[in-house]
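Observations on the model geometry
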Amino acid sequence: MKTSVIGTLNVMELARRVKARVLLTSTSEIYGNPLEHPQSESYWGNVNPIGIRSCYDEGKRAAETIIMDYHRTYGVDIRIARIFNSYGPRMNENDGRVVSNFIVQALKGKDITIYGDGSQTRSFCYCKDTVNGLYDLMNNQYIGPINIGNPNESTILELATKILEKIPDTKSKLAYKPLPSDDPTRRLPNMDRARALLKWDVTVSLDEGLDATINYFRGVIQKTTGKDYEARIEQIREMTIIREQQEASYRAQLQELNK
């Protein structure tokens, strides 16, 4: 919450001072558990303000309020993008997002964790398309908000099944766990505004994007499980021990000088 509120205030004060254009990468989470489907930018959302996920949802909503107030009051040049689920190479292996979770679990032969029955839906936009959408928005006169996402809807179970099919040698199975509170049941962007104003649309299919992402994580996991990786970790441990010994010796010398 502090990051969204205090961080946005700091950025907007800086932008006001140096007359910079600011892009706020907001989120589809501002729609909460939507009663409108698909979600258009005019929809105000259905958010629980005191739920376990609220710090993120309400933080982004507050950030949108702040950036719009600076635009109206001080004329700061702004753009607001509401990003739906994005994925692709260079994601963090342990970032907790569903695509990276499923792929890493499958590559390591661990059970794929599905919360609930897997019927909840998301739309997955490949990183290249997301970046192109943000670039087009920054170079357009429209300030937003504008949805940036994939207009094709997939259930979480469909995503897990597709990933298992793409990694046929995995020993992973589907493991079902209780659904967390306030987890949105459906998520799909209305892309009419982006198509009309930005002339932007997705170009990478989910199959193509998953293939590229799986290949990336396959390389990452190979690098972090081989003998070369273990040797490098041992080298780092040794270097750390040597540095700590040097620091201890230096502190001891300073104590002697200060006597």
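Structural data are supplied above this passage.
Here we summarise the structure given alongside this text. Every value quoted in this text rests on a predicted model; they were computed, and no experiment measured them.

Each value, and the rule that gives it
- All residue numbers here refer to positions counted from 1 along the written sequence of the relevant chain.
- Note on the predicted model: pLDDT of at least 70 is required for a residue's local features to be given, and 80 or more for side-chain atom pairs to be given and counted; whole-chain, interface and lining totals, by contrast, use all residues.
- Side-chain numbers come from the whole structure's heavy atoms, not from hydrogens or water.
- Salt bridges are counted wherever a side-chain nitrogen of Lys or Arg sits within 4 Å of a carboxyl oxygen of Asp or Glu.
- Comment: elements are numbered from the N terminus, with helices defined as DSSP H or I runs of at least four residues and strands as E runs of at least two.
- Exposed residues in this analysis have more than 50% of their type's maximum accessible area, buried residues have under 20%, and partly exposed residues fall in between, with area computed by a 1.4 Å probe over protein chains only.
- Surface patches are defined over residues having more than 30% relative accessible area and no salt bridge, joining like charges when they lie within 9 Å and nonpolar side chains (Val, Leu, Ile, Met, Phe, Trp, Tyr) when within 5 Å.
- Only the protein chains shown count as cover for residues, and all accessible areas are computed by the Shrake-Rupley method using a 1.4 Å probe.
- For helices, the fitted line uses only the C-alpha atoms of the stretch in contact; every axis is such a line through C-alpha atoms, and the angle between N-to-C directions lies from 0 to 180 degrees.
- Our angle categories are set so that under 35 degrees counts as roughly parallel, over 145 as roughly antiparallel, 65 to 115 as roughly perpendicular, and the remainder as oblique.
- Each crossing gets its hand from how the near helix is turned against the far one by less than a right angle, where anticlockwise is left-handed and clockwise is right-handed.
- Any pair of residues with heavy atoms lying within 4.5 Å of one another is described as a contacting pair.
- Gly falls in the polar group here, along with every residue not listed as nonpolar (Ala, Val, Leu, Ile, Met, Phe, Trp, Tyr, Cys, Pro) or charged (Asp, Glu, Lys, Arg).
- Any two strands are treated as partners once DSSP identifies two or more bridges connecting them.
- Call a crossover right-handed when, viewed with both strands pointing away from you, the route from the first strand across the helix to the second goes clockwise.
- Note on terminology: a nonpolar core comprises buried Ala, Val, Leu, Ile, Met, Phe, Trp, Tyr and Cys residues joined through side-chain atoms within 4.5 Å.
- Given the number of residues in a helix, its expected span is that number minus one, multiplied by 1.5 Å.

**Examining the pattern of salt bridges**
Within the structure shown, the criterion is met by 18 salt bridges. Two residues, Lys-166 and Asp-207, come together in a salt bridge whose shortest N-O distance is 3.2 Å. Of this pair, Lys-166 sits in helix α5 (residues 156-166) while Asp-207 sits in helix α7 (residues 206-223), and the two are 41 residues apart along the sequence. Judged by relative accessible area, which is 22%, Lys-166 ranks as partly exposed. Note that Asp-201 is salt-bridged to Arg-195, the shortest N-O span being 2.9 Å. When its relative accessible area of 30% is taken as the criterion, Asp-201 is described as partly exposed. When its relative accessible area of 35% is taken as the criterion, Arg-195 is described as partly exposed.

**Considering a nonpolar patch on the surface**
On the surface, Tyr-250, Leu-254 and Leu-257 cluster together into a nonpolar patch covering about 330 Å² of accessible area. Note that Leu-254 resides in helix α8 (residues 227-257). Judged by its relative accessible area of 35%, Leu-254 falls in the partly exposed class.

**Section: the environment of Tyr-216**
Locating Tyr-216 in the fold gives a position in helix α7. Sequence separation between Tyr-216 and Ile-50 is 166 residues; the distance between their C-alpha atoms is 38 Å.

**What about unusual backbone geometry?**
The omega angle of the peptide bond from His-37 to Pro-38 is -5°, so this bond is cis rather than trans. Here Pro-38 lies in the loop between β1 (22-27) and α2 (54-74). Of note, the bond from Gly-144 into Pro-145 is cis; its omega dihedral lies within 30 degrees of zero at 5°. With respect to the helices, strands and loops of the structure, Pro-145 is situated in the loop between α4 (127-138) and β7 (146-148). Even without being a glycine, Lys-19 presents a positive backbone phi close to 60°.

**Details of the packing of helix α1 (residues 2-18) against α2**
Where α1 meets α2, the axes come as close as 9 Å, and the angle between the chain directions of the two elements is 20°. Comparing their axes, α2 and α1 come out roughly parallel. As for how α1 packs across α2, the hand of that crossing is right-handed. Residue-level inspection shows Ser-4, Val-5, Thr-8, Leu-9, Met-12, Glu-13 and Arg-16 of α1 in contact with α2, the latter providing Gly-59, Lys-60, Ala-62, Ala-63, Ile-66, Ile-67, Tyr-70 and Tyr-74. Broken down by class, the residue content of the contact of α1 with α2 amounts to nine nonpolar, three polar and three charged.

**Concerning the sheet that holds β1**
Read across the sheet, three strands follow the order β1-β2-β7 without closing on themselves; strand pairing throughout is parallel. Looking at strand neighbours, the two that pair on one side only are β1 and β7, the edges of this open sheet. Sheet twist, expressed as the average angle between the axes of neighbouring strands with direction ignored, equals 35°. Here strand β2 (residues 78-83) runs beside β7; their pairing, made up of three bridges, is parallel.

**Re the pairing of β1**
Judged from the six bridges that link them, β1 and β2 form a sheet pairing that is parallel. In the strand pairing of β2, Leu-24 is matched with Ile-80. Crossover β1 to β2 through α2 is right-handed.

**Some words on the nonpolar core**
Tyr-87, Val-99, Phe-102, Phe-124, Leu-159, Ile-163 and Leu-210 are the most contacted members of the largest nonpolar core, which has 24 residues in total. Those elements giving two or more residues to this core turn out to be α3 (98-107), β4 (112-115), α5 and α7. By size, the runner-up hydrophobic cluster in this structure holds 13 residues, among which are Ala-63, Tyr-70, Val-76 and Ile-78.

**A short note on α2**
Over its 21 residues, α2 extends 29 Å from the first C-alpha to the last, a length consistent with the 30 Å expected when each residue adds 1.5 Å. Check the buried side of α2 and you find it contacts α1, β1 and β2. Looking at the residues trailing α2, positive phi occurs at Gly-75, about 75°.

**Considering the packing of α3 against α7**
Two elements in contact, α3 and α7, have axes separated by 10 Å at closest approach and are oriented at 55°. Classified by the angle between their axes, α3 and α7 sit oblique to one another. Crossing geometry of α3 relative to α7 is assigned as right-handed. The residues of α7 that touch α3, namely those facing Val-99, Ser-100, Ile-103, Val-104 and Leu-107, are Leu-210, Thr-213, Ile-214, Phe-217, Arg-218 and Ile-221.

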